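Observations on the model geometry
Now for the letters of each chain:
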Amino acid sequence: MVAPDTPALSSRAQTEIDNELEALEERMRALRTRRNSLSPISSIPPEILGTIFVHHAQQTQLLYVPDNPVVLSWLNVGHVCRYWRGVALGTPELWATPFLNSSQATEEMLTRSKMAPLNLRTGLRYRVESVQKALMHIERLQEVSLPFLNGGMTYRCIMEFLNKLSSCSAPKLQSLSLEEEFTQPLRISIPTSFLAPNLRSLQIKYCDLSWTSSVFTGLTVLDIKKLSPECLPTLDELISALRRMPALHALELEDALPTLPPKTTSLPRAPRAMNVRPRHLKRLRLVGKVLEVANVLARVELPDSTMLEVQLGCRASSSGHPDQEWNLSLPIISRALESCFKATPAKSRRVPRSMRLFAVGRIHVQYSTIRNPSSWVGSMTDTCLDPEWAPERPVVLDLDFPNETSSEILSDLQTIVPLGSLEALYLEGFFACWDGFWIDILGRGAARNLAYIHLGGTPQALEDLVISLGSQKHSVARSIGGRSEKGPIFSPALSHLVLDNLEFDPSFSTYTRPSDLLNVLIDRANEGRGLDHLAITVCTGINAHDVQLLREVVADVHWDEYESFDDYNLEYDYDSLEEEDDDDYGFYGDGDNYYGETYVE
């Protein structure tokens with residue numbers, strides 16, 4: 001034992017012990033490394049392990065916006081063991097998507113990515129100096145996606161990059177996305193000479209460009225929104241640009257269509273040989289005035305493909321003749337949409353099996369080749385205006401017209417898309433209904449295969465539905481030539497009815513009493529047309545006694561026991577919300593600790 005009166009000897013002994021402990025720790029790390037090297041996962045070659053890391057990082061980046069620090073959570077792979085850390089540091093592709101919300105992270109990732117192609121993506125938060133550093137590597141850029149707030153340093157930074165592309169080539173650049181959220185006095189302008197020979201995707205919003213620019217050559221994805229009026233193309237310029245994109249498979253033009261003179265009464269015609277035929281087109285979205293949309297559709301011949309998806313957003317102009325504009329456009333739109341449901345030599349004919357109709361101020365229609373698509377489950381107000389594409393709804397129409405034209409448009413829906421094979425109908429919103437609304441919407445005979453109806457939020461539509469569902473004995477008589485005639489049974493195959501967020505009226509002035517629905521269902525059951533399933537949710541004016549009577553007619557009745565607005569507790573516990581953890585994922589450098597070697601199962 002060291003004597004207390006010899007401090008020098010005591011200090012020396014402590015140093016020796018510390019050295020021994022350090023040596024033991026180093027020895028333990030070495031032993032753990034050797035032990036890990038004997039595990040099966042350590043036998044994976046570094047090239048394959050690096051590919052796995054890259055795939056994991058890419059999947060993580062898809063889950064979060066680029067400016068969220070959690071997007072760097074894949075860095076944890078380098079904290080597992082020395083071998084994994086070495087593989088991560090030796091895989092340049094793993095560092096090829098710099099975190100542009102941190103100057104230090106950007107610089108370190110640019111260095112570690114070496115000569116790997118770069119993907120630049122930002123959210124609404126980023127550092128301009130980080131973007132500038134990354135854009136300097138023009139020869140390595142593969143993807144540039146910059147949603148930005150216009151003006152100041154950001155504007156100058158992007159314009160310097162674009163101007164550089166007019167004289168300096170970006171041989172690896174495949175995708176360019178520049179999107180401003182709001183219009184600003186300063187607008188990004190794509191140069192006419194654009195030296196990116198491998199560019200395949202161009203997405204711009206509130207940016208301008210010339211339609212003679214070389215940027216269009218060879219594109220497979222073109223998405224242009226909100227062009228300046230002076231940069232809108234003529235129809236011939238648009239067709240010429242499309243001819244330079246023979247492999248185009250996605251085209252989206254929003255407020256970027258050729259304009260027409262005010263009070264246009266007819267659309268220009270051209271020989272069919274002058275039309276463009278984008279044979280590989282799979283997605284088309286056109287948004288603008290209805291005559292502008294029809295004008296483009298008249299010159300673009302859509303391919304007969306089972307993969308084609310079409311979304312049209314049409315609005316009336318300010319000319320004051322919306323009905324004339326609709327009637328002029330209707331034949332062209334209907335003819336164009338035939339391509340979505342034509343048969344092809346290799347595939348069977350696609351038919352619209354479901355239709356979803358939503359109206360709040362404007363009419364929104366979706367057609368699907370699938371009965372009861374999974375994306376339609378739940379409230380339509382949550383999803384029907386979702387701009388994202390879905391393969392199960394190949395046709396989407398968004399029609400913004402004055403109320404006085406809405407009835408005519410609704411009656412013409414059967415003209416736009418054939419509904420003879422319709423099996424499911426979803427309807428929600430506020431409609432100016434009329435006597436015979438359902439028959440006029442679907443057309444005579446169109447409801448013969450209709451087995452599923454989901455109706456929500458439209459009292460007038462409920463009343464006409466109850467009337468229409470009646471048998472010939474109770475159906476509404478139509479006056480034809482001064483005499484009344486009975487129509488055929490509406491929707492004879494109906495087996496599933498969902499009534500959501502509706503109001504039953506106990507008065508005798510309407511046909512929306514629970515007893516009216518009961519009588520109609522009894523008549524249909526007596527004629528072999530009864531329901532198999534009935535769902536009633538968030539409906540007022542109906543009680544437990546009414547539901548008990550309905551259960552005597554329909555085998556499966558689901559009722560949420562909702563009778564009035566007060567039945568639902570709408571109080572929300574805001575105190576239960578927890579702030580999202582802002583984890584700090586540090587970079588592991590050559591001198592960083594390994595956080596201990598751990599055994600990898």
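Keep in mind that what you see is a predicted model, and the values were worked out from it rather than measured.

**Comments concerning the overall build of the protein chain**
Helix and strand counts for the protein chain come out as 16 helices and 20 strands. Classification of the 601 residues of the protein chain by burial places 48% in the buried group. Sequence-distant contacts in the protein chain: of pairs separated by 6 or more residues, those separated by 24 or more amount to 68%. Total accessible area on the protein chain is roughly 30,200 Å²; 52% of this is exposed by carbon and sulfur atoms.

**Overview of the packing of helix H15 (residues 514-526) against helix H16 (residues 544-551)**
The interhelical angle for the contact between H15 and H16, taken along N-to-C directions, is 5 degrees, at an axis separation of 10 Å. Classed by the angle they form, the pair H15 and H16 counts as roughly parallel. Together, Pro-514, Leu-517, Leu-518 and Leu-521 of H15 and Asp-546, Leu-549 and Leu-550 of H16 make up the contact between the two elements. Grouping the amino acids of the contact of H15 with H16 by side-chain chemistry returns six nonpolar, no polar and one charged.

**Focus on unusual backbone geometry**
The phi angle of most residues is negative, glycine excepted, and most peptide bonds adopt the trans form. Phi at Lys-114 takes a positive value of approximately 55 degrees, unusual for a residue other than glycine. With respect to the element layout, Lys-114 can be found in the loop between helix H4 (103-112) and strand E1 (118-121). For Asn-501, which is not a glycine, the phi torsion comes out positive at approximately 55 degrees. By the element assignment, Asn-501 lies in the loop between strand E18 (496-500) and H15.

**Comments concerning the environment of Ser-407**
Mapped onto the elements, Ser-407 comes out in helix H11 (residues 403-411). Residues Ser-407 and Trp-434, 27 residues apart in the sequence, show an inter-C-alpha distance of 8.7 Å. Sequence-distant contacts of Ser-407, defined by excluding residues within four places in its chain, comprise Ala-432 and Trp-434.

**Thoughts on empty space enclosed by the protein**
For the structure on display, the rule yields two cavities of 30 Å³ or more. As for the second largest cavity, its lining consists of Thr-122, Tyr-126, Val-128, Val-131, Leu-146, Pro-147, Phe-148, Thr-154, Cys-157 and Ile-158. Secondary structure elements with two or more residues in the lining of the second largest cavity: helix H5 (128-135), strand E2 (141-148) and helix H6 (152-165). Among the residues making up the lining of the second largest cavity, the classes are represented as eight nonpolar, two polar and no charged.

**A short note on the environment of Pro-322**
Within the element layout of this structure, Pro-322 appears in helix H9 (residues 322-337). The class of Pro-322 is buried, set by a relative accessible area of 12%. Between the alpha carbons of Pro-322 and Thr-405 there is a distance of 6.9 Å; along the sequence they are 83 residues apart. Ignoring any residue separated from it by four or fewer positions in sequence, one finds Pro-322 in contact with Ala-316, Phe-401, Pro-402 and Thr-405.

**Digging into the pattern of salt bridges**
Counted under the stated rule, the structure contains 20 salt bridges. Of the charged contacts, one joins Lys-225 and Asp-223 as a salt bridge, the two residues approaching to 2.9 Å between their closest N and O atoms. When its relative accessible area of 7% is taken as the criterion, Asp-223 is described as buried. One salt-bridge network, held together by shared partners, links Asp-223, Lys-225, Lys-226, Glu-252, Glu-254, Asp-255, Arg-285 and Arg-315.

**Regarding the pairing of strand E19 (residues 533-537)**
Counting buried residues along E19, four of its five residues qualify, which places the element largely inside the surrounding structure. Bridge count for E18 against E19 is five bridges, and the pairing is parallel. If you follow Leu-497 over to E19, its bridge partner there is Leu-534.

**Points about the packing of aromatic side chains**
Two numbers describe a pair of aromatic rings. These are the distance of the centres and the angle of the planes. Under the defined criterion, the tally for this structure stands at seven aromatic pairs. Between Phe-53 and Trp-84, the ring centres sit 5.3 Å apart and the planes meet at 65 degrees, which makes this aromatic pair edge-to-face. Here Trp-84 lies in helix H3 (residues 82-89) and Phe-53 lies in helix H2 (residues 46-63), a separation of 31 residues in the sequence. Neither residue differs from the other here; Phe-53 and Trp-84 are each classed as buried.

**Details of a nonpolar patch on the surface**
Nonpolar side chains collect at one region of the surface, where Ile-17, Leu-21 and Leu-24 lie side by side and expose about 290 Å² of accessible area between them. If you trace the backbone, Leu-21 turns up in helix H1 (residues 7-37). Classification of Leu-21 by relative accessible area gives partly exposed; the value is 45%.

**Quick look at H2**
One turn of an α-helix holds 3.6 residues; hence residues three or four places apart share an orientation. Here H2 is 18 residues long and its end C-alpha atoms lie 26 Å apart, about the 26 Å a rise of 1.5 Å per residue gives. Residues Leu-49, Gly-50, Phe-53, Val-54, Ala-57, Thr-60 and Gln-61 constitute the buried set of H2. The buried residues of H2 all sit within an arc of 145 degrees when viewed along its axis, so they share a single face. In H2, those exposed residues whose orientation departs by more than 90 degrees from the buried face are Thr-51, Leu-62 and Leu-63. In this structure, the buried residues of H2 make contact with H3 and E1.

**Some points on the nonpolar core**
Counting residues in each nonpolar core, the largest one holds 135 residues, and the members touching the most others are Leu-162 and Leu-178. Sorting elements by how many residues they give to this core places H6 first, with seven residues. In this structure Leu-162 touches Leu-176, Leu-178, Ile-188, Ser-189, Ile-190, Pro-191 and Phe-194, once residues within four positions along its chain are discounted. Membership of the second largest hydrophobic core comes to 18 residues, among which are Ala-57, Trp-74, Cys-81 and Ala-105.

**Digging into the pairing of strand E20 (residues 556-559)**
Only one face of E20 is buried, namely the one carrying Val-557 and Trp-559, since none of Asp-556 and His-558 on the opposite face is buried. Direction of pairing for E19 relative to E20: parallel, over a ladder of four bridges. Paired with Ile-536 across the strands is Trp-559, a residue of E20. Of the crossover connections in this fold, the one passing from E19 over H16 to the parallel E20 is right-handed.

**A closer look at the side chain of Ser-354**
Checked against the element boundaries, Ser-354 lands in strand E11 (residues 354-359). A distance of 2.7 Å separates the side chain of Ser-354 from the backbone oxygen of Ile-370, its partner in a polar contact. If we skip the residues at most four places from it in the chain, Ser-354 touches Gln-366, Tyr-367, Ser-368, Ile-370, Arg-371, Asn-372, Pro-373, Trp-376, Leu-422 and Ala-424.

**Remarks on the confidence of the model for the protein chain**
Mean pLDDT over the protein chain: 82, with 83% of residues reaching 70 or higher. Confidence scores differ between elements of the protein chain, with strand E16 (residues 478-480) showing the lowest mean pLDDT of 38 and strand E7 (residues 221-225) the highest of 96.

**Some points on helix H14 (residues 459-469)**
The buried fraction of H14 amounts to eight of the eleven residues, a majority that puts the element mostly inside the structure. Taken together, the buried positions of H14 are Ala-461, Leu-462, Asp-464, Leu-465, Val-466, Ile-467, Ser-468 and Leu-469. Residues of H14 that are buried make contact with strand E14 (424-429), helix H13 (437-442), strand E15 (452-456), E18 and H15.

Cut-offs and rules
Residues numbered from 1 in each chain as written. Predicted model: local features only at pLDDT ≥ 70, side-chain atom pairs only at ≥ 80, totals over all residues. Heavy atoms only, no water. Helix = DSSP H or I, 4+ residues; strand = E, 2+ residues; numbered from the N terminus. Buried < 20%, exposed > 50% of the residue type's maximum accessible area, 1.4 Å probe, protein only. Contact = heavy atoms within 4.5 Å. Areas by Shrake-Rupley, 256 points an atom, 1.4 Å probe, with all protein chains shown as cover. Axes fitted to C-alpha atoms, helices over the stretch in contact; angles between N-to-C directions. Parallel < 35°, antiparallel > 145°, perpendicular 65-115°, else oblique. Nonpolar A, V, L, I, M, F, W, Y, C, P; charged D, E, K, R; others polar. 1 Å grid on protein atoms, 1.4 Å probe; cavity = no way out; pocket = protein on both sides within 12 Å on 5 of 7 lines; lining within 4 Å. Points joined across faces, edges and corners; volume = space filled by probe spheres on them. Salt bridge = Lys/Arg side-chain N within 4 Å of Asp/Glu carboxyl O. Pairing = 2+ DSSP bridges. Phe/Tyr/Trp six-rings, centres within 6.5 Å; stacked < 30°, edge-to-face > 60°. Patch = residues over 30% accessible without salt bridge, like charges linked within 9 Å, V, L, I, M, F, W, Y side chains within 5 Å. Expected span 1.5 Å × (residues − 1). Arc of directions from axis to C-beta. Core = buried A, V, L, I, M, F, W, Y, C linked by side-chain atoms within 4.5 Å. Right-handed = clockwise from strand over helix to strand, strands pointing away. Polar contact = N/O pair within 3.5 Å; in protein donor to acceptor, adjacent residues only side chain to side chain. pLDDT = per-residue confidence, 0-100.

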